[in-house]
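# Topology and contacts: notes
Single-letter residue listing:
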Amino acid sequence: MSASAPLHLIRHPLVQHKLTLMRQKDRSTNSFRRLMHEIAMLLAYELTRDIPTVDTEIETPLERMHSPVIDGKKIVFVPILRAGLGLLDGMLDVVPGARVGHVGLYRDPTTLDAIEYYCKLPDDSGDRDVIVLDPMLATGHSAIAAVDRITEAGARSIRFACLLAAPEGLARFHEHHPSVAVHTVAIDRELDENGYILPGLGDAGDRLYGTK
Ligand code: URA
């Protein structure tokens, strides 16, 4: 899978519509989680549109034919804990054979730096195409730290999937990882002083899990 241009805006009306619903502050936890699941399925479809296929010979009820199947080793999804988990199941609904790695990072509340507390990636991820999942690319610190770890472990390609990106975070991310494509549904205006995206959708983890 090639990650050509570094920034891809996903403009599909269904995705845009669902994101608008997710931004609404009175949306319930249940509905927010459901919408994230639905968007994740649609993002998986977009993100895998250039995945390599190979022709294989099969037999239909009527005759033999050559027909394409996905080539080679499978994709690895790597959600950044915890909000990235909200995108995982929708992606797995569409790509059920994918492997899953996890990177656990939290933001230091003062410096906003990403601190790693967990990392488990498939042993053979060097041969695989990795898609990193985090609904929010805010300061970019978590995204950079996650991609640093995945690069160390090895990957055939890496791309980053999110719902919202802040211009500051995008710039920082591309400075560190110029060849890693970012796929996002929207680029919002700016970050506030606490590192939240404006207008944004609030704290994605809290809204997914009802913790606030
Ligand atoms: N993380 C979130 O969940 N929301 C933001 O706005 C920024 C980072």
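A short tour of the structure in this document, coming up.

Calculation rules
Residues numbered from 1 in each chain as written. Predicted model: local features only at pLDDT ≥ 70, side-chain atom pairs only at ≥ 80, totals over all residues. Heavy atoms only, no water. Pairing = 2+ DSSP bridges. Helix = DSSP H or I, 4+ residues; strand = E, 2+ residues; numbered from the N terminus. Axes fitted to C-alpha atoms, helices over the stretch in contact; angles between N-to-C directions. Parallel < 35°, antiparallel > 145°, perpendicular 65-115°, else oblique. Left-handed = near helix turned anticlockwise from the far one by under 90°. Contact = heavy atoms within 4.5 Å. Phe/Tyr/Trp six-rings, centres within 6.5 Å; stacked < 30°, edge-to-face > 60°. Buried < 20%, exposed > 50% of the residue type's maximum accessible area, 1.4 Å probe, protein only. Near = heavy atom within 4 Å. Areas by Shrake-Rupley, 256 points an atom, 1.4 Å probe, with all protein chains shown as cover. Nonpolar A, V, L, I, M, F, W, Y, C, P; charged D, E, K, R; others polar. Salt bridge = Lys/Arg side-chain N within 4 Å of Asp/Glu carboxyl O.

### Focus on the pairing of strand 3 (residues 64-70)
Pairing analysis gives 7 bridges linking strand 2 (residues 53-59) to strand 3, with the strands arranged antiparallel. Within the sheet, the bridge partner assigned to E57 lies in strand 3 and is H66. Connecting strand 2 to the antiparallel partner strand 3 that follows it, the hairpin turn spans 4 residues.

### Re the packing of helix 1 (residues 13-23) against helix 2 (residues 29-47)
Running from amino to carboxyl end, helix 1 crosses helix 2 at an angle of 160°, the nearest separation of the two axes being 10 Å. In this view, helix 1 runs roughly antiparallel relative to helix 2, as classed from their interaxial angle. The two elements helix 1 and helix 2 cross, and the hand of that crossing is left-handed. Between helix 1 and helix 2, the residues in contact are L14, V15, K18, L19, L21 and M22 and F32, L35, M36, E38, I39 and L42, respectively.

### Structural notes on unusual backbone geometry
Omega for the peptide link from L81 to R82 comes to 0°, which places this bond in the cis form. Relative to the elements of secondary structure, R82 occurs in the loop between strand 4 (76-81) and helix 3 (85-94). Geometrically, the link from L198 to P199 is a cis peptide bond, its omega value of -5° lying close to zero. Following the sequence through the fold, P199 ends up in the loop between strand 15 (197-198) and helix 6 (204-209).

### Thoughts on the packing of aromatic side chains
One pass over the full model with this rule turns up 2 aromatic pairs. Consider the rings of F160 and F173, whose centres lie 5.6 Å apart with planes at 45°: the pair is tilted. Linking F160 in strand 10 (residues 157-161) with F173 in helix 5 (residues 167-176), this pair joins segments that are 13 residues apart in sequence. The buried category is assigned to F160, whose relative accessible area is 0%. Relative accessible area serves as the criterion here: at 0%, F173 is assigned to the buried category.

### Some points on the site of the ligand
Around the ligand, the surrounding shell consists of R107, M136, A138, G195, Y196, I197, G202, D203 and A204. The fraction of the free accessible surface of the ligand (230 Å²) that becomes covered by protein chains is 89%. Taken together, the residues of the shell around the ligand sort by class into 5 nonpolar, 2 polar and 2 charged.

### Focus on the pattern of salt bridges
Enumeration over the complete set of coordinates arrives at 14 salt bridges. E38 is paired through a salt bridge with K18; the nearest N and O atoms lie 2.8 Å apart. Here K18 lies in helix 1 and E38 lies in helix 2, a separation of 20 residues in the sequence. Of the two residues examined, E38 and K18, each falls in the buried class. Here R189 makes a salt bridge to E190, at a shortest N to O gap of 3.2 Å. You can call R189 exposed: its relative accessible area is 53%. The exposure class of E190 is partly exposed, given its relative accessible area of 32%.

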